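# Structural features, examined
Single-letter residue listing:
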Amino acid sequence: MAWANNVLRVNLTEGTCTSEPLNMGWAAEYIGQRGLATRYMVEEVDPTCDPLGPENKMIFATGPLTGTMASTGGRYSVITKSPLTGAIACSNSGGFIGAELKSAGWDMIIFEGKSSSPVYLYLENDQAQLLSADEIWGKSVWETDEILHKIHHDPQLRIAACGRSAEAGCLYAAIVNDLHRAAGRSGVGTVMASKNLKAIAVIGTKGVGNIKDPARFMQTVAEQKQVLADHAVTGQGLPTLGTQVLMNVINESGALPTRNMREVKFEGANNISGEQMLEPRKGDGKPNLTTNAACFGCTIACGRISTVDQGHFTVENKPQYWGNSGGLEYEAAWALGADTGVDDLDAMTYANFVCNEDGFDPITFGGTVAAAMELYDLGVITQEHTGGMALKFGSAEALAWCAEQVATGEGFGAELGLGSKRLCEKYGHPELSMTVKGQEFPAYDPRAIQGMGLTYATSNRGACHLRSYTVSSEILGIPEKTDPLATDGKAGLVKAFQDVTAAWDSTGLCLFTSFAWSLENIAPQLDAACEGDWSADRLMETGERIWNLERDFNMKAGLTAADDTLPKRLLEEGANTGPAEGKVCGLGEMLPEYYELRGWTADGQLTDETRSRLGVPS
């Protein structure tokens with residue numbers, strides 16, 4: 001049946017690890033991973049709890065297809081209440097540890113309480129132990145990974161850890177696994193550190209069994225892998241250029257947010273693009289990109305493995321950064337580049353290495369640095385605040401320095417670690433924070449891609465492209481082309497993308513397959529693997545149920561319809577150039593229709609009819 005039917009409950013306060021059966025009734029309604037873990041959160045966690053208090057819980061969850069032979073079946077998610085937004089957090093990661101956890105015989109791990117001293121979880125199949133983390137507390141993710149491998153004498157050990165930024169209280173700290181894959185957004189690493197939990201280390205040798213119909217599963221998986229191979233995006237674009245294939249495309253569309261979203265095109269976009277990552281550098285004659293890389297079971301291999309020129313100012317005296325490591329993905333490249341006005345590819349790669357090394361979200365980091373640079377530009381933040389560093393737009397030196405500061409939480413790094421919402425509020429200019437619900441925007445300007453404006457405003461975890469990637473339709477024409485400048489029809493488009501994505505994120509598969517697949521491609525794989533009858537229609541309804549469950553948690557946590565909005569800049573200041581020149585985001589034209597399609601009241605609450613139809617608990 002693909003599910004392992006096992007949950008590991010780790011009570012950090014008591015120091016106990018106990019197993020219990022997975023709630024299969026809930027699995028039938030919410031699938032796994034994002035959906036199922038959210039159902040556990042709703043059942044067990046008070047939505048009004050302090051995200052960094054012991055009452056909050058943190059769930060590592062796999063999907064039923066995690067660890068199987070389905071393409072991209074290596075995903076897991078971390079679900080908790082976010083310290084950055086106060087909303088539900090669900091942060092998705094790839095790499096190998098998700099499949100390892102499933103192969104150890106577990107669908108999810110529920111962490112509750114808080115340890116009295118630093119610990120890490122060592123998990124070898126069904127044997128779970130909480131061990132002292134004294135040796136790794138205060139260490140970076142990379143150091144933690146190296147030390148734990150030496151302690152346990154096993155090169156196949158899979159590790160996920162939080163870094164020094166999380167320990168220092170950075171509100172957007174990540175959980176990094178396999179050195180450079182991350183559950184990156186919303187501060188899930190901050191929650192991990194608040195519980196005195198440094199890492200989880202997993203060995204799984206059981207494999208994933210219980211496939212309902214193995215022969216049919218193998219056949220449909222092979223067919224769907226061929227669909228991925230034959231598609232221009234998943235078979236060519238992503239393997240060659242990774243998500244960085246988008247940099248020049250979005251810039252030419254006039255939708256690349258630049259210098260804290262003051263502008264919509266970046267003159268240095270080509271210098272930080274996927275194409276540029278393939279070109280020889282002036283310094284050492286080598287390209288930034290060494291090779292592409294794949295997560296567990298992935299036939300796309302969009303990952304980037306890169307180096308920094310050893311003579312570059314960021315690393316010339318730091319040989320620990322001279323090797324290959326996780327390179328720039330599109331969102332990180334935008335946040336560290338166009339949003340800060342920096343077009344130095346080596347400096348951006350170094351900053352990205354530091355984000356991985358000490359575990360913090362490069363999107364929120366870049367957005368916060370961009371806000372700080374605008375505050376500096378206005379004379380609100382000065383070198384007196386920064387200890388001498390000039391936070392000028394376009395300064396590669398400032399970008400690298402900021403990353404180093406956030407990594408340790410020292411000096412001005414403690415203020416940058418608050419995120420742009422709290423930083424801008426502190427300095428009296430909340431309007432300069434480009435956030436929704438306290439989380440920074442990704443790399444698409446909603447004045448030029450109207451559907452993304454509604455996507456950001458209504459996202460259950462704050463501004464996020466991965467909750468409804470209407471860029472596929474509005475820019476790329478997948479599955480069909482819609483006008484990015486129009487607001488008509490976007491409420492329905494966003495709702496459909498949100499519901500599809502919620503189901504997708506609950507299966508254990510990567511969302512990037514959706515460039516080539518639809519739910520019609522997912523359903524036969526899930527149906528062959530899992531008990532029950534799984535159709536595209538059932539998955540769509542399940543996604544809608546998950547979305548409304550998350551929404552209901554947020555409303556009970558204290559969020560309101562007033563939080564479904566965008567910064568004034570995007571609602572009142574027209575785009576400065578490009579196809580959208582002069583246009584603002586027409587959120588007010590889309591939001592009422594969206595609420596109506598969702599079956600919500602005018603103030604954004606689930607109606608009794610919607611709650612009953614979907615079976616969302618009261």
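The rules behind each value
- Residues numbered from 1 in each chain as written.
- Predicted model: local features only at pLDDT ≥ 70, side-chain atom pairs only at ≥ 80, totals over all residues.
- Heavy atoms only, no water.
- Axes fitted to C-alpha atoms, helices over the stretch in contact; angles between N-to-C directions.
- Helix = DSSP H or I, 4+ residues; strand = E, 2+ residues; numbered from the N terminus.
- Parallel < 35°, antiparallel > 145°, perpendicular 65-115°, else oblique.
- Contact = heavy atoms within 4.5 Å.
- Nonpolar A, V, L, I, M, F, W, Y, C, P; charged D, E, K, R; others polar.
- Buried < 20%, exposed > 50% of the residue type's maximum accessible area, 1.4 Å probe, protein only.
- pLDDT = per-residue confidence, 0-100.
- Core = buried A, V, L, I, M, F, W, Y, C linked by side-chain atoms within 4.5 Å.
- Left-handed = near helix turned anticlockwise from the far one by under 90°.
- Pairing = 2+ DSSP bridges.
- Patch = residues over 30% accessible without salt bridge, like charges linked within 9 Å, V, L, I, M, F, W, Y side chains within 5 Å.
- Areas by Shrake-Rupley, 256 points an atom, 1.4 Å probe, with all protein chains shown as cover.
- Salt bridge = Lys/Arg side-chain N within 4 Å of Asp/Glu carboxyl O.
- Lys, Arg positive; Asp, Glu negative; His and termini not counted.
- Charge placed at Lys NZ, Arg CZ, Asp CG, Glu CD.
- Phe/Tyr/Trp six-rings, centres within 6.5 Å; stacked < 30°, edge-to-face > 60°.
- Lys NZ or Arg CZ within 6 Å of the ring centre and 35° of its normal.

Further remarks concern the packing of helix α22 (residues 536–557) against helix α24 (residues 587–598). Two elements in contact, α22 and α24, have axes whose closest approach is 12 Å; the angle formed by their N-to-C orientations is 115 degrees. In terms of orientation, α22 lies roughly perpendicular with respect to α24. When α22 is examined against α24, the residues E544, W547, N548 and R551 are found in contact with a partner set consisting of Y594, Y595 and R598. Along the lines of polarity and charge, the residues of the contact of α22 with α24 split into three nonpolar, one polar and three charged.

A separate point is the environment of K568. Looking at the secondary structure, you find K568 in helix α23 (residues 568–572). It is 14 Å that separates the C-alpha atoms of K568 and F441, two residues lying 127 residues apart in sequence.

Turning next to the side chain of R39. For R39, the location among the structural elements is in helix α2 (residues 33–44). R39 gets classed as buried once you look at its relative accessible area, which sits at 9%. Beyond its immediate chain neighbours, meaning those up to four positions away, R39 contacts W26, Y30, L549 and P617.

This part covers the confidence of the model for the protein chain. Reading fine detail from the predicted coordinates is not recommended where pLDDT is low. With 100% of its residues at a pLDDT of at least 70, the protein chain reaches an overall mean of 98. The lowest-confidence element of the protein chain is helix α8 (residues 232–241), averaging 97 in pLDDT; the highest-confidence one is strand β6 (residues 108–112), averaging 99.

Glancing now at the environment of E279. Structurally, the position occupied by E279 is in the loop between α10 (274–277) and β13 (289–293). The spatial distance from the C-alpha of E279 to the C-alpha of L597 is 48 Å, given a sequence separation of 318 residues. For E279, the contacting residues outside a window of four places in its chain are K286, P287 and N288.

Position of G323 among the secondary structure elements: in the loop between β14 (303–306) and β15 (325–326). Separated by 15 residues in the primary sequence, G323 and V308 place their C-alpha atoms 8.0 Å from one another. Beyond its immediate chain neighbours, meaning those up to four positions away, G323 contacts S306, T307 and F353.

The subject of this paragraph is the nonpolar core. Counting 151 residues, the largest nonpolar core has M108, F360, F365, L391 and Y444 as the members making the most contacts within it. Considering every element that reaches this core, the biggest residue donor is helix α15 (residues 396–408), with nine residues. Residues contacting M108, with those up to four places away along its chain left out, are N6, V7, L8, L22, L36, A37, Y40, I59, F60 and A61.

For the pair α2 and α22, the least separation of the axes is 10 Å and the interaxial angle reads 35 degrees. As for the relative orientation of α2 and α22, their crossing is left-handed in sense. Taking contact as the criterion, the partners of R34, G35, T38, R39, M41 and V42 in α2 are, on α22, I546, W547, L549, E550 and F553.

On the basis of which strands lie adjacent, the open sheet formed by three strands has the order β13-β14-β15 and antiparallel pairing. One side of each edge strand has no neighbouring strand; the edge strands of this open sheet are β13 and β15. Lying on the sheet, α8 is in contact with β13 and β14; it crosses β14 at an angle near 25 degrees.

Spatially, the six strands line up as an open sheet ordered β2-β1-β6-β3-β4-β5, and their pairing is mixed. Edge positions in the sheet fall to β2 (16–20) and β5 (88–93), since each of these pairs with one other strand and no more. Taking each pair of neighbouring strands and ignoring which way they run, the sheet shows an average axis angle of 15 degrees. Where strand β1 (residues 7–11) meets β6, five bridges bridge the pair, whose relative direction is parallel. The residue bridging R9 from the neighbouring strand is I110, located in β6. On the sheet, α2 packs against β1, β2, β3 (58–62), β4 (76–81), β5 and β6 and is oriented at approximately 25 degrees with respect to β4.

The next subject is a negative patch on the surface. On the surface, a cluster of negative charge is made up of D488, E589, E593 and E596. Note that E593 resides in helix α24.

Quick look at the pattern of salt bridges now. Inspection of the entire model under this criterion finds 41 salt bridges. With its nearest N and O atoms 3.0 Å apart, the salt bridge here joins R9 to E112. Separated by 103 residues along the polypeptide, R9 in strand β1 and E112 in strand β6 bring together distant segments of the chain. Comparing R9 with E112, the two get one shared label, buried. Its salt-bridge partner being K198, residue E167 comes within 2.6 Å of it at the nearest N-O pair. Here the residue E167 occupies a position in helix α5 (residues 164–167), and K198 occupies one in strand β12 (residues 197–203), the gap between them amounting to 31 residues. The network of salt bridges with shared partners includes K495, D499, E544, R598, E609 and R613.

Moving on: the packing of aromatic side chains. We describe a pair of aromatic rings using the distance from one ring centre to the other and the angle between the two ring planes. What the rule picks out here adds up to 16 aromatic pairs. Geometrically, the ring pair formed by F512 and F515 is tilted, given 6.3 Å between the ring centres and 45 degrees between the ring planes. The exposure class of F512 is partly exposed, given its relative accessible area of 22%. Grouping aromatic residues by their ring pairs yields a cluster made of Y330, Y444, Y469, F512 and F515. When the ring centre of W137 is taken as origin, the NZ or CZ atom of K198, which lies over that ring, is 5.9 Å away. Over the ring of W534 we find R538, and its NZ or CZ is 3.5 Å from the ring centre.

Among the secondary structure elements, E550 is positioned in helix α22. E550 has contacts with R34, T38, I88 and N460, leaving out every residue within four places of it along the chain.

Residue P479 is bonded to the preceding I478 through a cis peptide linkage, with omega at 0 degrees. Relative to the assigned elements, P479 resides in the loop between α19 (471–474) and α20 (490–504). Phi at Q33 is positive, roughly 45 degrees, even though this residue is not glycine. Structurally, Q33 can be placed in helix α2.

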